[in-house]
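Listed below, chain by chain, are the residues.
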Amino acid sequence: MDDAVLENIFLLVLVTLLSVVQNVFFALKVEKECKANTSKQQCAGFERLSCATRNCMDTYPTFLAVMWCAGICLSQAPAAFAGVIYLVVRQKYFVGYMGQTCQSIPGFLFGKRILFFLSLMCIVGIINYLLLNYGGNDYKGYIQTITQAASTLLLLP
Amino acid sequence: MDDAVLENIFLLVLVTLLSVVQNVFFALKVEKECKANTSKQQCAGFERLSCATRNCMDTYPTFLAVMWCAGICLSQAPAAFAGVIYLVVRQKYFVGYMGQTCQSIPGFLFGKRILFFLSLMCIVGIINYLLLNYGGNDYKGYIQTITQAASTLLLLP
Amino acid sequence: MDDAVLENIFLLVLVTLLSVVQNVFFALKVEKECKANTSKQQCAGFERLSCATRNCMDTYPTFLAVMWCAGICLSQAPAAFAGVIYLVVRQKYFVGYMGQTCQSIPGFLFGKRILFFLSLMCIVGIINYLLLNYGGNDYKGYIQTITQAASTLLLLP
């Protein structure tokens, strides 16, 4: 596709690639654990790993969809930044997964705040587009500045 | 991205956001059931809920991909309409999931008709593009009208 | 959307549709096996089928994301070609799935080479865009030719 399109999405593509690398890392972890799956204790470890991976994978399409929508509707830099933070949260979730039963720890639906922020970006972007189209006002410049400032708030624990 | 692009996809973005909200609702349901997971009977309930969520999640990327392709290839209004109906069907499927074993009820692959309709839209859109490019005919106007009329047929039970 | 966009993605849409058909085929297989799920031996068969489907579904969003990114960043023909090969590999994986326990066979993460190739295409595309934007060189023509030649290497077993 031409470069005008690429200009608006190349950060999103980079974050997507990063998430794919993380997915492959998760899958390789499970595969390695699976091959060493002999004793009883390791079996529980495999169960946990497999469960953590499944939780991560279940929310993956949701995350991708929201990130791309937010990036296309409003602006790509905050969306990609939120995406990177989501990946960090996911990594921490995967490493620290210590639940006894499947999906029993509080962090089952991790990254709720980031998904909420990205959804908000989508909605603001669409409202801005509708205002521009039917009302004649264009707040996109202001909104992008505010969004970029607000995205740093995601860094708060 | 610029507004010319947004004009053609903002309905799709809205449906995607709606589906994300539904996904979060499913996940919260499972999490809530999981925390109250003490007696034997509730455990079966958790199994069922978890299974219903997994079935929904397994078809989620397929649905997103087909809806976006249909919206981009042909026109967004019928695609978004079919997407909303798909979400309603999914909600009904989730609420009414009463299977004893995993994926054992007839509605395992729910929304087949909607997926078929969306796939058809993609194919028609591509054929129309190829005809336009190599044959010089452009039936897009007619096809969009027919599609919009046909999409109401999805409302039939 | 207008035809200039469709020109650059219609092969990707076709491959996506093909993958959706394959997903539906997998789901129908599981559903059929599930309904005939009475004796003990068939139950094991159902477990295997369900597991194979889940493995395929877990990597499906990853595959879609990488293929679309590669197709948009660089060029669609090699990306779609790699996508078709991925689908063939997945079909072979599904048919030949003979693992006793879940995800225990070496081919758990099938199609690694194809995902790697597609990721490489994304990275090359972005680097080329950045070079073009900040350095003034445009190697896109050369790179596309090289990619199309390299994509045939995926046919090697």
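Residues numbered from 1 in each chain as written. Chains lettered and ligands numbered in written order. Predicted model: local features only at pLDDT ≥ 70, side-chain atom pairs only at ≥ 80, totals over all residues. Heavy atoms only, no water.

Observations regarding the packing of helix H4 (residues 112-134) of chain A against helix H5 (residues 140-151) of chain A
If you want to describe how two helices pack, look at the angle between their axes and the distance between the axes.
Residues and elements named next belong to chain A.
For step 1, the next point in the chain: At a minimum axis separation of 11 Å, H4 and H5 run at an interaxial angle of 175 degrees. Viewed along their axes, H4 and H5 adopt a mutual orientation that is roughly antiparallel. Taking contact as the criterion, the partners of Phe117, Met121, Val124 and Asn128 in H4 are, on H5, Lys140, Ile143, Thr147, Ala150 and Ser151.
For step 2, the next point in the chain: Here the contact of H4 with H5 is composed, by residue class, of five nonpolar, three polar and one charged. (Axes fitted to C-alpha atoms, helices over the stretch in contact; angles between N-to-C directions. Helix = DSSP H or I, 4+ residues; strand = E, 2+ residues; numbered from the N terminus. Parallel < 35°, antiparallel > 145°, perpendicular 65-115°, else oblique. Contact = heavy atoms within 4.5 Å. Nonpolar A, V, L, I, M, F, W, Y, C, P; charged D, E, K, R; others polar.)

Quick notes on the nonpolar core
For step 1, the next point in the chain: Membership of the largest hydrophobic core comes to 115 residues, with the highest contact counts inside it found for Trp68 and Leu118 of chain A, Trp68 and Leu118 of chain B together with Trp68 and Leu118 of chain C.
For step 2, the next point in the chain: No other element matches helix H2 (residues 40-73) of chain B, which puts 14 residues into this core.
For step 3, the next point in the chain: Setting aside chain neighbours within four positions, we find Leu118 of chain A in contact with Val66, Met67, Ala70, Ala79 and Ala82 of chain A. (Core = buried A, V, L, I, M, F, W, Y, C linked by side-chain atoms within 4.5 Å. Buried < 20%, exposed > 50% of the residue type's maximum accessible area, 1.4 Å probe, protein only.)

Description of the confidence of the model for chain A
Residue and element names in this part refer to chain A.
For step 1, the next point in the chain: Model confidence for chain A is summarised by a mean pLDDT of 78, while 82% of its residues fall at 70 or above.
For step 2, the next point in the chain: For chain A, per-element mean pLDDT is lowest for H5, which scores 77, and highest for helix H3 (residues 76-95), which scores 86.
For step 3, the next point in the chain: Per-residue pLDDT stays below 50 along residues 99-107; that stretch engages in 23 contacts with residues further than four places along the chain or on separate chains.
For step 4, the next point in the chain: Model confidence for the complex: the whole-complex pTM is 0.84, and ipTM, which rates the interface, is 0.79. (pLDDT = per-residue confidence, 0-100.)

Re the interface of chain A and chain C
For step 1, the next point in the chain: Facing 26 residues of chain A, the contacting portion of chain C comprises 30 residues.
For step 2, the next point in the chain: Taken together, both faces of the contact between chain A and chain C bury some 2400 Å²; the carbon and sulfur share is 75%.
For step 3, the next point in the chain: Viewed at the interface, chain C and chain A are joined by one residue pair in polar contact (both at pLDDT 80 or more).
For step 4, the next point in the chain: Elements represented by at least two residues in the side of chain A that touches chain C include exactly helix H1 (3-35) and helix H2 (40-73) of chain A.
For step 5, the next point in the chain: The biggest single contributor to the side of chain A that touches chain C is H1 of chain A, with 17 residues.
For step 6, the next point in the chain: Broken down by class, the residue content of the side of chain A that touches chain C amounts to 19 nonpolar, three polar and four charged. (Buried area = accessible area lost by both parts, 1.4 Å probe. Polar contact = N/O pair within 3.5 Å; in protein donor to acceptor, adjacent residues only side chain to side chain.)

A short note on the relation of the copies chain A and chain C
For step 1, the next point in the chain: Between chain A and chain C, which share one sequence, the superposing operator has a rotation angle of 120 degrees and an axial displacement of 0.0 Å; the RMSD is 0.0 Å. The superposition operator between the copies reduces to a three-fold rotation axis. Of the C-alpha atoms belonging to chain A, the one lying closest to the rotation axis is found on Pro61 of chain A, 3.5 Å away.
For step 2, the next point in the chain: Interface overlap between copies is the fraction of interface residues in one copy that are interface residues in the other; for chain A against chain C it is only 12%, indicating separate surfaces. (Least-squares fit on C-alpha atoms with pLDDT ≥ 70 in both.)

Comments concerning the interface of chain B and chain C
For step 1, the next point in the chain: Every contact between the two is made by 30 residues of chain B and, on the other side, 26 residues of chain C.
For step 2, the next point in the chain: Taken together, the two surfaces of chain B and chain C that pack against each other cover about 2400 Å², and 75% of this comes from carbon and sulfur.
For step 3, the next point in the chain: At the boundary of chain B and chain C, one finds zero salt bridges.
For step 4, the next point in the chain: On the surface where chain B and chain C come into contact, there are one residue pair in polar contact (both at pLDDT 80 or more). (Salt bridge = Lys/Arg side-chain N within 4 Å of Asp/Glu carboxyl O.)

With respect to the relation of the copies chain B and chain C
For step 1, the next point in the chain: Mapping chain B onto chain C calls for a screw motion: a turn of 120 degrees about the axis and a shift of 0.0 Å along it, with 0.0 Å RMSD after fitting.
For step 2, the next point in the chain: When the interface residues of chain B are mapped onto chain C, a mere 10% of them again lie at the interface, so each copy presents a different face.

Here we look at the packing of aromatic side chains
For step 1, the next point in the chain: Going through the model one piece at a time under the given rule, you end up with 15 aromatic pairs over all chains.
For step 2, the next point in the chain: With a centroid separation of 5.2 Å and an interplanar angle of 50 degrees, the aromatic rings of Tyr129 of chain B and Phe10 of chain C are classed as tilted. Of this pair, Tyr129 of chain B sits in helix H4 (residues 112-134) while Phe10 of chain C sits in helix H1 (residues 3-35), each in a different chain.
For step 3, the next point in the chain: Using a relative accessible area of 15% as the deciding quantity, one classes Phe10 of chain C as buried.
For step 4, the next point in the chain: Relative to Tyr86 of chain C, the ring of Phe63 of chain C lies with its centre 4.1 Å away and its plane at 10 degrees, an arrangement referred to as stacked. Of this pair, Phe63 of chain C sits in helix H2 (residues 40-73) while Tyr86 of chain C sits in helix H3 (residues 76-95), and the two are 23 residues apart along the sequence. Assigned by exposure class, Phe63 of chain C and Tyr86 of chain C land together as buried. (Phe/Tyr/Trp six-rings, centres within 6.5 Å; stacked < 30°, edge-to-face > 60°.)

Let's talk about the side chain of Thr62 of chain B
For step 1, the next point in the chain: With respect to the helices and strands, the residue Thr62 of chain B is situated in helix H2.
For step 2, the next point in the chain: Since its relative accessible area comes to 3%, Thr62 of chain B is described here as buried.
For step 3, the next point in the chain: Not counting chain neighbours up to four residues away, the residues in contact with Thr62 of chain B comprise Val20, Asn23 and Tyr60 of chain C.

Topic: helix H3 (residues 76-95) of chain B
For step 1, the next point in the chain: Helix length check: H3 of chain B, at 20 residues, gives a terminal C-alpha distance of 28 Å against a target of 28 Å (1.5 Å per residue), a fit within 8%.
For step 2, the next point in the chain: Gln76, Pro78, Ala79, Ala80, Ala82, Gly83, Ile85, Tyr86, Leu87, Arg90, Tyr93 and Phe94 of chain B are the residues of H3 of chain B that are buried. (Expected span 1.5 Å × (residues − 1).)

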